[in-house]
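Here's the letter readout for the chains.
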Amino acid sequence: MPFLNVERLKKVKGERRKVTFTDSLPALLLDDNEFIFVEPAQFALTLTNVGNSAINVEGEVQVALKVPCNRCLQNFVLNLNLPFSETYYEKNQPTHSGQTEEWIAYSGDVINITPEVMTTVIMNLPMRFICSEQCQGLCPVCGVDLNQEQCSCIQQDIDPRLAKLQELMKS
Ligand SMILES: [Zn+2]
Ligand SMILES: [Zn+2]
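In this text, all values refer to a predicted model and were calculated from it rather than measured experimentally.

Asks: Would you explain the coordination of the zinc ion (ligand 1) in this entry?
Replies: The expected angle between donors at a tetrahedral four-coordinate metal is 109.5 degrees. At an octahedral six-coordinate metal it is 90 or 180 degrees. Binding of the zinc ion (ligand 1) to the protein goes through C69 (SG), C72 (SG), C131 (SG) and C135 (SG), at separations of 2.3 to 2.4 Å. Coordination at the zinc ion (ligand 1) is tetrahedral: its four donor atoms span angles of 105 to 114 degrees at the metal. Summarised as a motif, the one-chain spacing of the donors to the zinc ion (ligand 1) is C-x2-C-x58-C-x3-C. Here C69 is found in the loop between β6 (54-68) and β7 (75-90), whereas its partner C131 is found in the loop between α1 (114-123) and α2 (160-170), with 62 residues between them in sequence. Look at C69 and you get buried, because its relative accessible area is 1%.

Asks: Would you explain the domain arrangement of the chain in this entry?
Replies: By a frequent convention, interface size equals the accessible area lost on bringing the separate parts together. Taken as a whole, the chain is organised into domain 1 (3-134) and domain 2 (136-171). Roughly 400 Å² is buried in total at the junction of domain 1 and domain 2, and carbon and sulfur atoms are behind 49% of that figure. Linking domain 1 to domain 2 there are zero salt bridges. Residues belonging to the side of domain 1 that touches domain 2 are distributed by class as follows: two nonpolar, two polar and one charged.

Asks: Would you explain the confidence of the model for the chain in this entry?
Replies: Should pLDDT be low for a region, the predicted coordinates there are not to be read in detail. When the pLDDT values of the chain are averaged, the result is 91; 90% of them are 70 or greater. Ranking the elements of the chain by mean pLDDT puts α2 last, at 65, and strand β2 (residues 16-23) first, at 98.

Asks: I keep staring at the side chain of N56 and nothing clicks. Help me out?
Replies: Summarising the element assignment, N56 is placed in strand β6. Overall, N56 belongs to the buried group, its relative accessible area being 15%. A polar atom in the side chain of N56 sits 3.0 Å from the side chain of T87. Filtering out sequence-adjacent residues up to four positions away, N56 remains in contact with T46, L47, T48, V50, E86 and T87.

The rules behind the values
- Residues numbered from 1 in each chain as written.
- Chains lettered and ligands numbered in written order.
- Predicted model: local features only at pLDDT ≥ 70, side-chain atom pairs only at ≥ 80, totals over all residues.
- Heavy atoms only, no water.
- Donors = N, O, S within 2.8 Å, 3.2 Å for Na, K, Ca; no water.
- Tetrahedral: all angles 85-135°; square planar, octahedral: opposite > 155°, others 65-115°.
- Helix = DSSP H or I, 4+ residues; strand = E, 2+ residues; numbered from the N terminus.
- Buried < 20%, exposed > 50% of the residue type's maximum accessible area, 1.4 Å probe, protein only.
- Domains from an automatic or database assignment.
- Buried area = accessible area lost by both parts, 1.4 Å probe.
- Salt bridge = Lys/Arg side-chain N within 4 Å of Asp/Glu carboxyl O.
- Nonpolar A, V, L, I, M, F, W, Y, C, P; charged D, E, K, R; others polar.
- pLDDT = per-residue confidence, 0-100.
- Polar contact = N/O pair within 3.5 Å; in protein donor to acceptor, adjacent residues only side chain to side chain.
- Contact = heavy atoms within 4.5 Å.

So, in structure tokens, the structure goes:
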């Protein structure tokens, strides 16, 4: 899990440090479904001491999440490049002048950013998971994966106006 060591950084106001590293993330729980990260997340972050040992963390996180396609139901890897921006304040320090309710408390020399990273992933998930724009999905009649095989089902796509006309002709 991603931890930031701020032992030295927290001592000097205005001090800035860039860090890049990879680290694994726990499975993501969403609506009773568990999604797994297929490879370690990549972090590129800039840490800035904004005073009173408060640390601003800003940069990018790249993750690869295994999800099922909404159309064909096959699992695929969704790559996301996420902006990350949080400020952490030292619990025992006096309140910082620019502090807001969104700041997150830390204590000691290490900040665990895992909860905020997970929230960032959830906030940036697309509304629907689609494996590819060309995904044909499943046949609504027999259920075969139309990306893999063809079926001989007749796709009834009757124009609603025509359907009405047929109704009228019957009566
Ligand atoms: Zn698909
Ligand atoms: Zn079919």
